[in-house]
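Fold and geometry: a report
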Amino acid sequence: MKYFILFIICFFTFIPVKSKNLTDSLYVPRYESRAITTSRSQALFCDACGCAAGNGSSGFESLLNPQFIGIKYFAQHYKAKENLFVDDLTQDQYFNTVQLWGKIPVTKKLSIYGSIPFQFHSKKTFQGNISISGIGDASLMGIYEILKSKDSFHQINGGLGVKIPLGKFDEKGITGVNPSFQLGTGSWDYQLAMSYKFQKDRFALLINTDYTFKTENKKHYQFGNQWNYSATGFYRLWNNTNSIFSGKIGLQGEVFDWNRQFSEVMPKTAGSALYGKAGFEVSFRKFSLGTELMLPANTNLASGDIEAKSRFSLFLNFGL
């Protein structure tokens, strides 16, 4: 499945763009343009904690304000082995993030995106519940419009990003079945991203891919590099002069390389997961509200010792 999605991404990225002067009586340029402009910008960034599970990836949101400040809640649920000597996945792990984020234009084609998360995670063990909380790793990305057709039907964007290690990395945490149970990776990580958008009338399609290069932290631990991909369809269900309501549905996948310690590969740390997702977004004047639910279609994390269960996100933004 992941190779099929990769083919689709590559196909849309390199197709020739033709200009057409087509209009439709249902087409509302003002609001449709605002919605998709921000969606393709936000689609480039993933808040990666850097781990094979609980990586903090919130998916690729579409926001109805192209420049904004806001707050987002993101929750993840996993099942993990409580005891490595049994086959049952009995340990519930919950990764929760509340983050401040924003997007500010620098030039007509260049924008800067940033986020600062606060993490509060917990897991249930036979010995009792374990919880950690605190600030996570901050993120910063530049997003550039590479190509846009004259009719605005097609658009390609690229991004370069960096993750700043503000979150605490606990060396004891890597001894558990899920070394991702951390507030941060403790390392400077770097990201390349690309996004393709097709938009016509009430419909839009976003195809996104990004790759995160992770470095070794001061404790000589290195989380595996991460590849994300996503394909999401949007449909405008209703709008007037002050508001717009749209639904979205799609797929999102993640592939993780092996973690390393002192340059040695750590077993049962690589893996992949594929999610189906659905949600909605609504805006009223300068405010926008959105939510998304993700459920796993296929999961193979830590050689089966970890199973992805669900993800949920909710955001509220104010347009600048």
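Attention in this report is confined to the structure presented alongside it. Remember, predicted model here, so these are calculated numbers, not experimental data. (Residues numbered from 1 in each chain as written. Predicted model: local features only at pLDDT ≥ 70, side-chain atom pairs only at ≥ 80, totals over all residues. Heavy atoms only, no water.)

This part covers the pairing of strand β7 (residues 189-200). In terms of strand pairing, strand β6 (residues 154-164) meets β7 through ten bridges, oriented antiparallel. Residue pairing across strands places G161 opposite Q191, the latter belonging to β7. Taken together, the eleven bridges between β7 and strand β8 (residues 203-213) define a ladder with antiparallel strand orientation. Across the sheet, the residue bridging to K200 is F203, located in β8. Connecting β7 to the antiparallel partner β8 that follows it, the hairpin turn spans two residues, and D201 within it adopts a positive phi of roughly 55°. (Pairing = 2+ DSSP bridges. Helix = DSSP H or I, 4+ residues; strand = E, 2+ residues; numbered from the N terminus.)

What follows concerns the sheet that holds strand β13 (residues 264-265). Judged by pairing direction, the sheet is antiparallel, and its three strands sit side by side in the order β9-β12-β13 without closing on themselves. The open sheet is flanked by β9 (221-222) and β13, the only strands paired with a single partner. Direction of pairing for β9 relative to strand β12 (residues 260-261): antiparallel, over a ladder of two bridges. Its bridge partner being in β12, Q222 is matched across the sheet by R260.

What follows covers the packing of aromatic side chains. For the coordinates displayed, the defined rule picks out 13 aromatic pairs. In this structure, K123 packs its charged tip against the face of F181, placed 4.6 Å from the ring centre. (Phe/Tyr/Trp six-rings, centres within 6.5 Å; stacked < 30°, edge-to-face > 60°. Lys NZ or Arg CZ within 6 Å of the ring centre and 35° of its normal.)

Before going further, it helps to spend a moment on the nonpolar core. Grouped together as the largest cluster of nonpolar side chains are 13 residues, with contacts concentrated most on Y78, A80, F95, Y275, L301, I306 and A308. Mapped onto this core, the elements with two or more residues apiece are β1 (68-80), β14 (271-284), β15 (287-301) and β16 (306-319). With residues near it in sequence (within four places) discarded, A308 still touches H77, Y78, Y275, P296, T299 and L301. (Core = buried A, V, L, I, M, F, W, Y, C linked by side-chain atoms within 4.5 Å. Buried < 20%, exposed > 50% of the residue type's maximum accessible area, 1.4 Å probe, protein only. Contact = heavy atoms within 4.5 Å.)

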